Amino acid sequence: MDFAQQAMNLFGEEDDDDDQNCRNDDVEEDEEHQQKQARQSSSSSGASSSGASSSASSSAGASSSAASSSRSSSSNHSRSSSASEEDNENDGGEVRSRDNSNINHNRSSDTNYNNCGKENYYENLDEEEDDKDLFGSDNEDYGKTPVNSPYPVPVLPAIRNTNNHMRGGFGRGRWQHNNRGPGLLPRPGPYPQRPNFGGPKFFNAPRDERFVSELKFSKSEQTLARKCIAFQEPCELACYSRIEGGGVFFDDRSLRLFKRLITQDIGFDLNEGFDTFIPKKDLGSEGFGDLLGCIRSKNIPLQNMHFVTYRNNLNKILATAYIRHEPWEMGVHKRNGVVYLDVHKLPERPQSELERRRCYWGYCFESLATEDPTRGDGEGIHHVDANVEYCSVLKTKLGAHRILMGAEMDCCDSTDDGRRFYVELKTSRELDYHTEERFEREKLLKFWIQSFLAGVPYIVIGFRDDGGRLVRTERLRTKEVTGRVKMKNYWQGGVCLAFADEVLCWLYGTVKENEDYILQFAPPFTRLELLQADSCPDAITDHVDQL
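Residues numbered from 1 in each chain as written. Predicted model: local features only at pLDDT ≥ 70, side-chain atom pairs only at ≥ 80, totals over all residues. Heavy atoms only, no water.

**Student:** I would appreciate a short explanation of the overall build of the protein chain in the present structure.
**Tutor:** Looking only at helices and strands, the protein chain features 15 helices and 14 strands. Across the 547 residues that make up the protein chain, the buried fraction comes to 38%. Excluding contacts between residues fewer than 6 apart, the proportion of contacts in the protein chain whose partners are at least 24 apart in sequence is 70%. Here the protein chain displays about 33,100 Å² of accessible surface, and carbon together with sulfur accounts for 48% of that area. (Helix = DSSP H or I, 4+ residues; strand = E, 2+ residues; numbered from the N terminus. Buried < 20%, exposed > 50% of the residue type's maximum accessible area, 1.4 Å probe, protein only. Contact = heavy atoms within 4.5 Å. Areas by Shrake-Rupley, 256 points an atom, 1.4 Å probe, with all protein chains shown as cover.)

Below you can see the structure in the form of structure tokens.
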């Protein structure tokens, strides 16, 4: 048999399908081994005919067993038998016929095996698909499932937000008039648009027709705390006194001396003398005129001043850094480069009897804690006049703004070397566990601002009970008050100064010469508004004419 015929038998068309399914390229080493065995068997058959027959039959038997165990082995055996036929062309066709019959038998068995395996494989897949039919009629559990579940639908409890009781109304707060807890979506109906996105920022708050400018509270406490605003120690330039009857003198005749033995009056009833109490009158711009008259009488220059005001106006500005629920307003008038801040008192509802008594308790404590030459030893408090006052005229500097202000002083004390200093007197309800935090957050903040701006080193607080009886007294150093609340993170004095510097910069750069304005802080308490005023007070106009 020549090489062409052998190639046709090994790689013919009738064997293409079997070779593609059975041949593996990774069995080349086994192939060589089978060829060596075939050559050895052919050489042994050349020695004797009977030995060749038995060798060929044993070789064919080994090949058939190998073919039944592996499809790749049958292919290798066919190649080895073909090689033996090439070596022994002259030795008879008995060996070749037996080898070919064995090869055909092996190929047919492999083909039957493959066909049976495929049929079993697809039958198994059909059985698995039948088993996975969960919604068929043979699934008894599914057939017994009722339409309605016997278990109730779980209901989650309403979430109550106990951390912020004041939030509510429109927007992302509570829905009104329901008991389903806080809502996640805005309240149904019209709600305010996003700020600066096609609509006014304040919903249901129409802008005043007199509106000129506004200062939005856009800077956080952390941003203001990073600013370091210098504050110059106040320097006293002049003073004036108001006596009973309303007379004003540019001296210190109304200044009272602090009584150091105030602790001996513990248990005193602050209601004493309430029947003869003379409440303070609202002088309006007339009181500001007394301050301007004192400035003129002492020839205090105003060329380098930016603001002239009472301390009360600065108290409001500094306290607004933290207290955002108390409205206020003041007049703003710019003349000759100087901005005059006039005090405006907002209308108040009539006070009750208890409110008038509480107001009197403060004036009574001031009389009790100061020396009164007209009052004898053991004599009670009587004829308290709230209009009698002493005011100091101070010069200071907050940031880049030079300020000239008038500040009412309660009393004074002196050091051993004769240097005089002022003392601030305050009253408050006795503290308990529930009121201590509010006292330190709000009242102590106001106490500190009022004393710090005027350079008052000491604050004496008289604590009383609900009936008006003095319980105890406490003296505080002004510079130590901020340390008392620092660890509690209630407020920071530097934030108040930084906020006031922002307001004064905006105010001085916005107002125009010979123009009159009103600066107000009103609901919704998110900005300062500058409104156009109709006129300037006569006290300021007369003061400018006399300069």
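**Student:** Would you explain the nonpolar core in this entry?
**Tutor:** Among soluble globular proteins, nonpolar side chains are generally buried collectively. Formed by 61 residues in total, the largest nonpolar core has its most connected members in Val332, Met409, Ile449, Leu507, Leu519 and Leu528. If one sorts the elements of this core by residue count, helix α14 (residues 493-510) sits on top with 10 residues. Apart from the residues within four sequence positions on either side, leucine 528 is in contact with Ser213, Glu214, Leu215, Phe217, Trp328, Val503, Trp506, Leu519, Gln520 and Phe521. If you look at the next biggest cluster of nonpolar residues, it comprises 22 residues, including Phe268, Leu368, Ala369 and Tyr458. (Core = buried A, V, L, I, M, F, W, Y, C linked by side-chain atoms within 4.5 Å.)

**Student:** Looking at this model, I keep getting lost on the side chain of lysine 259. Mind explaining?
**Tutor:** Structurally, lysine 259 is set in the loop between β3 (248-249) and α9 (285-297). Polar side-chain contacts of lysine 259 include one of 2.8 Å to the backbone oxygen of leucine 368. The contacts of lysine 259, once residues within four sequence positions are left out, are Asp265, Leu368, Ala369, Thr370, Glu371 and Arg375. (Polar contact = N/O pair within 3.5 Å; in protein donor to acceptor, adjacent residues only side chain to side chain.)

**Student:** Sorry, what's going on with the packing of helix α10 (residues 311-319) against helix α12 (residues 436-454) here?
**Tutor:** Axes are the key here: two packed helices are described by the angle between their axes and the distance separating the axes. Closest axis-to-axis distance for the α10/α12 pair is 10 Å, and the angle between their directions is 130°. Here α10 is positioned oblique relative to α12, judged by the angle of their axes. The element α10 and its partner α12 pack so that their crossing is right-handed. Between α10, through Arg311, Leu314, Asn315, Leu318 and Ala319, and α12, the contact on the second element is made entirely by Ile449, Gln450, Leu453 and Ala454. (Axes fitted to C-alpha atoms, helices over the stretch in contact; angles between N-to-C directions. Parallel < 35°, antiparallel > 145°, perpendicular 65-115°, else oblique. Left-handed = near helix turned anticlockwise from the far one by under 90°.)

**Student:** Just to check I follow, could you spell out the sheet that holds strand β12 (residues 470-477) for this structure?
**Tutor:** In sheet architecture, strand pairing relies on hydrogen bonds along the backbone and comes in two forms, parallel and antiparallel. With respect to topology, 4 strands assemble into an open sheet ordered β9-β10-β11-β12, the strand pairing being mixed. In the strand order of this sheet, the two ends are held by β9 (411-414) and β12, each with one partner. This sheet shows a mean twist of 30° between the axes of neighbouring strands, independent of strand direction. As defined by bridge partners, β9 adjoins strand β10 (residues 420-429) across 4 bridges and the pair is classed as antiparallel. The residue bridging aspartate 413 from the neighbouring strand is phenylalanine 421, located in β10. Seen against the sheet, helix α13 (residues 478-486) touches β11 (458-464) and β12 and runs at an angle of roughly 100° to β12. (Pairing = 2+ DSSP bridges.)

**Student:** Can you walk me through the packing of aromatic side chains in this structure?
**Tutor:** Aromatic rings considered in pairs are described by the distance between their centres and by the relative angle of their planes. Enumeration over the complete set of coordinates arrives at 16 aromatic pairs. Taking 6.0 Å as the distance between ring centres and 55° as the angle between the ring planes, the aromatic pair formed by phenylalanine 288 and tyrosine 310 counts as tilted. Of this pair, phenylalanine 288 sits in helix α9 while tyrosine 310 is found in strand β4 (residues 307-310), placing the two residues 22 residues apart along the sequence. By relative accessible area, tyrosine 310 is classed as buried at 15%. Each ring, one from phenylalanine 439 and one from phenylalanine 447, has its centre 6.2 Å from the other, and the planes form 75°; the classification is edge-to-face. For the pair phenylalanine 439 and phenylalanine 447, a shared accessibility class is recorded, and that class is buried. The ring of tyrosine 508 carries the charged tip of lysine 334 above its face, separated from the ring centre by 4.4 Å. Against the face of phenylalanine 463 rests arginine 472, its NZ or CZ located 4.0 Å from the ring centre. (Phe/Tyr/Trp six-rings, centres within 6.5 Å; stacked < 30°, edge-to-face > 60°. Lys NZ or Arg CZ within 6 Å of the ring centre and 35° of its normal.)

**Student:** How should I be thinking about the sheet that holds strand β14 (residues 527-532) in this particular structure?
**Tutor:** Across the sheet, which stays open at both edges, the 10 strands sit in the order β1-β14-β13-β5-β6-β4-β8-β7-β2-β3 with mixed pairing between neighbours. The sheet is open, and its two borders are formed by β1 (211-216) and β3, each paired with just one other strand. Helix-sheet contacts for α10 involve β4, β5 (328-335), β6 (338-343) and β8 (401-408), and the interaxial angle to β4 is about 95°.

**Student:** Help me understand the side chain of arginine 311, please; the structure alone is not making it clear to me.
**Tutor:** Along the chain, the position of arginine 311 falls in helix α10. Buried charged residue arginine 311 carries no salt bridge. Nearest counter-charge: glutamate 424, at 4.2 Å. Arginine 311 has contacts with Met405, Gly406, Ala407, Glu408, Glu424, Gln450, Leu453 and Ala454, leaving out every residue within four places of it along the chain. (Lys, Arg positive; Asp, Glu negative; His and termini not counted. Salt bridge = Lys/Arg side-chain N within 4 Å of Asp/Glu carboxyl O.)

**Student:** Is there a simple way to think about the layout of surface pockets in this case?
**Tutor:** Taking a probe equal in size to a water molecule and rolling it over the atoms shows the remaining empty space. Approximately 630 Å³ is the volume found for the second largest pocket. If you trace the second largest pocket, you find 23 residues lining it, with Glu233, Ala454, Gly455, Val456 and Pro457 closest to the centre. Residue assignment for the lining of the second largest pocket shows that the elements contributing at least two residues are β2 (235-242), β10, α12 and α13. Grouping the amino acids of the lining of the second largest pocket by side-chain chemistry returns 12 nonpolar, 5 polar and 6 charged. (1 Å grid on protein atoms, 1.4 Å probe; cavity = no way out; pocket = protein on both sides within 12 Å on 5 of 7 lines; lining within 4 Å. Points joined across faces, edges and corners; volume = space filled by probe spheres on them. Nonpolar A, V, L, I, M, F, W, Y, C, P; charged D, E, K, R; others polar.)

**Student:** Teacher, can you tell me more about unusual backbone geometry here?
**Tutor:** Residues apart from glycine generally show negative phi values, whereas peptide bonds are mostly found in trans. Note the cis peptide between proline 523 and proline 524, where omega equals 10°. Within the element layout of this structure, proline 524 appears in the loop between β13 (516-521) and β14. The phi dihedral of asparagine 514 is positive, around 60°, even though this residue is not glycine. With respect to the helices and strands, asparagine 514 occurs in the loop between α14 and β13. Phi is positive for phenylalanine 525, which is not a glycine, with a value near 60°. Inspection of the secondary structure assignment puts phenylalanine 525 in the loop between β13 and β14. A relative accessible area of 19% places phenylalanine 525 in the buried class.

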